[in-house]
Amino acid sequence: MTTITLPALPYGYEDLAPHISKETLEYHHDKHHNTYVVNLNNLIAGTELEGKTLEEIITATAGDASKAGVFNNAAQVWNHTFYWNCMAKNGGGKATGTLAAKIDEAFGSYEKFAEEFAAAATTQFGSGWAWLVADEVNGQLSIMKTSNADTPMAHGKIAVLTIDVWEHAYYIDFRNARPKYISTFLESLVNWDYANAKYAGQPAGVEK
């Protein structure tokens, strides 16, 4: 029976330095992300969800209080895999490709988008995520934030870009300075090639 596995990072542990350190990636990916994978496999073993894809598990359990543990772990596995791919060595800066025009269309300018995205990430109380989402593949863009493990898929949205604002995502490198982490993500880390691929509905390694 197929099990959910921990995907490797799409870059080396030192490739995002000095913005995101090797220590952060080792703790965040190898420990936090992996724990969700282990928990999920334990929770679905011997159930009708065993052997399903992450998307199928998330869709089947979203909104079902009796399956909250399964949903939370499955969504966190998916969210984290998506987040890793949203960053790249020598990333960041203004949007590129199709998204450059689509962001201007939706927000008025890249600068306005960055301001609204940063505001969502900054004001997400406690743990959670800020997202650039589309209402459909190649559709209308908007910004949303989700608490804890919640994910756009559970709300019928297409995830295009995300930043993890759980404290363990940035505390080693930024301590409690969440706004500095957010601005660094936008200026130096965003992988616009990946965001463009997801906006266009292309599978880019996240769905395993």
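Note: the structure precedes this text.
Report on the accompanying structure. Predicted model, so just to flag it, every value in this text is computed and none were measured.

### Overview of the packing of helix α1 (residues 22–44) against helix α3 (residues 68–85)
Phase 1: At a closest axis distance of 9 Å, the pairing of α1 and α3 adopts a crossing angle of 145°. Crossing hand, α1 versus α3: left-handed. Across from L25, H28, H29, H33, Y36, V37, N39, L40, L43 and I44 in α1, the residues of α3 making contact are G69, V70, N73, A74, Q76, V77, H80, T81, Y83 and W84.
Phase 2: Looking at the contact of α1 with α3 residue by residue, the classes come out as 11 nonpolar, nine polar and no charged.

### What about the pairing of strand β2 (residues 141–147)?
Phase 1: One ladder, built from seven bridges, connects strand β1 (residues 128–134) with β2; its direction is antiparallel. Residue pairing across strands places W131 opposite M144, the latter belonging to β2.

### What about the nonpolar core?
Phase 1: Within the largest apolar cluster, 64 residues are counted, with the highest numbers of intra-cluster contacts made by F113, Y181, F185, L186 and W192.
Phase 2: Ranked by residue count, the leading element in this core is α3, at nine residues.
Phase 3: Two domains each put at least three residues into this core: domain 1 (20–84) and domain 2 (95–198).
Phase 4: In this structure, Y181 is in contact with I20, Y83, I163, D164, V165, A169, Y170 and F174, ignoring residues within four places of it in sequence.

What counts and how
Residues numbered from 1 in each chain as written. Predicted model: local features only at pLDDT ≥ 70, side-chain atom pairs only at ≥ 80, totals over all residues. Heavy atoms only, no water. Axes fitted to C-alpha atoms, helices over the stretch in contact; angles between N-to-C directions. Helix = DSSP H or I, 4+ residues; strand = E, 2+ residues; numbered from the N terminus. Left-handed = near helix turned anticlockwise from the far one by under 90°. Contact = heavy atoms within 4.5 Å. Nonpolar A, V, L, I, M, F, W, Y, C, P; charged D, E, K, R; others polar. Pairing = 2+ DSSP bridges. Core = buried A, V, L, I, M, F, W, Y, C linked by side-chain atoms within 4.5 Å. Buried < 20%, exposed > 50% of the residue type's maximum accessible area, 1.4 Å probe, protein only. Domains from an automatic or database assignment.

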